[in-house]
Amino acid sequence: MRAPLDPPEILLLGPGPSNPHPEVAAAMSAPLVSHLDPFFLTVMEETMTDLRRLFRTTNHHTVPISATGTGGLETIMFNLVEPGDEVVVGVIGHFGQRLAELAHAAGAVVRPVEVPWGQVLEPDRIAGELERAPAKLVALVHAETSTGAAQPLEDIGRIVRANDTLLMVDAVTSLGGMNIDVDGWNIDAAGSCSQKCIGAPPGLGPITVGPRSVEAINHRKTPVASWYFDLHRLFQYWGDEDGARARVFHHTAPVANIYGFREALRLINAEGMEARFLRHQAAHDLFVERLGDIGLELFTPASHRLPMLNVVRIPDGVDDGAVRAALRDRGIEISGGFGPLAGKVWRIGLMGTNATPDVVDRLVSNLGEVLSR
Ligand SMILES: *Cc1c(COP(=O)(O)O)cnc(C)c1O
């Protein structure tokens, strides 16, 4: 007979998932109700309200898509873009490339604007590209998890808006760990995930979609090439702005995941968003300092480092895989690099519950011991 499931307890310090808060885990095993039960409808409303607050937006259409972060981003791309539309994509690493692939899959004419991995885009690059030829959409990654770079968005947002172009942002890693101001930065649509800085398990792709995006969707000439991820249908399920139409059954929402997500958002509000961002920054600062003590340094230039995801140079002669395996034996997960950074860096997340001095101490002391072997 197969034994009951008994997973190891791992300190999850890769680029996600992070370890959920115990209260989030508890909420997920609370009694199940149906996805159309009045109690669950209240949970949906609370989730939307708290998610708007986290995205800093008044956008009505701010909901968790029943998919991981990528599914939320695909939803945005497939609804905003029609075949033949021109889309400018900022490519500062792996996840920028993925945005370009999503745009391509939606039928767009993709115009990548690239910088070497580790760098970020200056606003002039986007301004120049939009001057060269107009575009329907500009797509950017806020927190580029492959390089540890934080892409500044405020100035670019102003430029994109002045060009009457839509701006979509991948906020998968940033949301819940650093400030993102959807309304203040002129972001027309953004997508994130449940399992990084928000601190719930994977399974949801929270998105927010603003009025200019809704307008573009309403003026589509072609149908959205997806039934499940068609935002018109999803909006009918999550509810109209004025509540005029009855909710229409669309799919069976993952009730337990949304319970957990609702609790994670509640805990963020209880802590305070600003306090939470400062906690992530403080953990990062401490980690960088302690890394220096064991002779390691970050790959990403100090001018634009992410607080929640640290890309650390692997010292010459050190075996990437052996170090990660030794840490895993000690109950700690960190991750390797992507593409041009494979074998050259570790990607170490201090996200959600793990952005604390205790976790930094445990990580650095174990890493130091493993390296000294
Ligand atoms: C993790 C990540 C994704 C993918 O999110 P999933 O939830 O795994 O689908 C997309 N973009 C960035 C920047 C990420 O770090």
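About the criteria used
Residues numbered from 1 in each chain as written. Predicted model: local features only at pLDDT ≥ 70, side-chain atom pairs only at ≥ 80, totals over all residues. Heavy atoms only, no water. Helix = DSSP H or I, 4+ residues; strand = E, 2+ residues; numbered from the N terminus. Polar contact = N/O pair within 3.5 Å; in protein donor to acceptor, adjacent residues only side chain to side chain. Contact = heavy atoms within 4.5 Å. Near = heavy atom within 4 Å. Areas by Shrake-Rupley, 256 points an atom, 1.4 Å probe, with all protein chains shown as cover. Nonpolar A, V, L, I, M, F, W, Y, C, P; charged D, E, K, R; others polar. Core = buried A, V, L, I, M, F, W, Y, C linked by side-chain atoms within 4.5 Å. Buried < 20%, exposed > 50% of the residue type's maximum accessible area, 1.4 Å probe, protein only. Phe/Tyr/Trp six-rings, centres within 6.5 Å; stacked < 30°, edge-to-face > 60°. Lys NZ or Arg CZ within 6 Å of the ring centre and 35° of its normal. Domains from an automatic or database assignment. Buried area = accessible area lost by both parts, 1.4 Å probe. Salt bridge = Lys/Arg side-chain N within 4 Å of Asp/Glu carboxyl O.

Student: How would you summarise the side chain of S192 if you had to cite specific residues and measurements?
Tutor: Take S192: it is sitting in the loop between β9 (189-191) and β10 (205-209). Of note is the side chain of S192, whose polar atom sits 2.9 Å from the backbone oxygen of A171. Not counting residues up to four positions away in its chain, the partners in contact with S192 are F55, G69, A171, V172, L175, L204, G205 and P206.

Student: Before we move on, can you summarise the site of the ligand with the specific residues and values?
Tutor: Around the ligand, the surrounding shell holds 14 residues, and the nearest of these are T68, T70, T145, D170 and K196. In this structure, T145 approaches the ligand through a side-chain N or O atom, which is 2.3 Å from an oxygen atom. In isolation the ligand has 380 Å² of accessible area, and contact with the protein removes 88% of it. Only α3 (69-80) and α4 (94-105) provide two or more residues apiece to the shell around the ligand. A breakdown of the residues in the shell around the ligand according to their chemical character gives five nonpolar, six polar and three charged.

Student: Describe the nonpolar core, naming the residues involved and giving the relevant values.
Tutor: Counting residues in each nonpolar core, the largest one holds 85 residues, and the members touching the most others are F40, M77, L99, I126, M168 and I187. Sort the elements by how many residues they give to this core and helix α9 (residues 255-271) lands first, with eight residues. Leaving out residues up to four positions away in the same chain, I126 has contacts with V88, L121, V138, L140, I156 and V160. Judged by nonpolar contacts, the second largest core, of 23 residues, contains I314, V323, A355 and V360.

Student: Now, about unusual backbone geometry: what can you tell me, with residues and values included?
Tutor: Following G16, the chain continues into P17 via a peptide bond in cis, with omega recorded as 0 degrees. Counting through the fold element by element, P17 comes out in the loop between β1 (11-12) and α1 (22-28). The phi angle at R56 is positive, at roughly 55 degrees, despite the residue not being glycine. Turning to its location among the elements, R56 is positioned in the loop between α2 (38-55) and β2 (61-65). Look at R56 and you get partly exposed, because its relative accessible area is 36%. The residue N186 is not glycine, and still its phi comes out positive at about 60 degrees. Owing to a relative accessible area of 19%, N186 belongs among the buried residues under this scheme.

Student: Give a description of the packing of aromatic side chains that names residues and reports values.
Tutor: Across all of its chains, the model carries four aromatic pairs by this definition. Both rings, one in F39 and one in Y259, keep their centres 6.3 Å apart while their planes meet at 80 degrees; by these two values the pair is edge-to-face. Separated by 220 residues along the polypeptide, F39 in helix α2 and Y259 in helix α9 bring together distant segments of the chain. For Y259, a relative accessible area of 7% gives the class buried. Residues Y237 and W238 carry aromatic rings whose centres are separated by 6.1 Å and whose planes lie at 75 degrees to one another, so their mutual orientation is edge-to-face. Comparing Y237 with W238 shows no difference in burial state: the two are buried. Geometry around F95 places K196 over its ring, the cationic atom sitting 5.8 Å from the centre.

Student: Before we move on, could you go through the domain arrangement of the protein and cite the residues and values that matter?
Tutor: Under the domain assignment used here, the protein contains domain 1 (11-16 + 273-372) and domain 2 (22-269). Each of domain 1 and domain 2 has a C-alpha centre, and these two points are 27 Å apart. At the interface, 22 residues of domain 1 touch 28 residues of domain 2. Carbon and sulfur atoms make up 71% of the area that domain 1 and domain 2 hide from each other, which totals about 2100 Å². Across the contact surface, domain 1 and domain 2 share zero salt bridges. Across the contact surface, domain 1 and domain 2 share eight residue pairs in polar contact (both at pLDDT 80 or more). Taken together, the elements giving at least two residues each to the side of domain 1 that touches domain 2 come down to α10 (273-293) and β11 (309-313). With four residues, the top contributor of residues to the side of domain 1 that touches domain 2 is α10.

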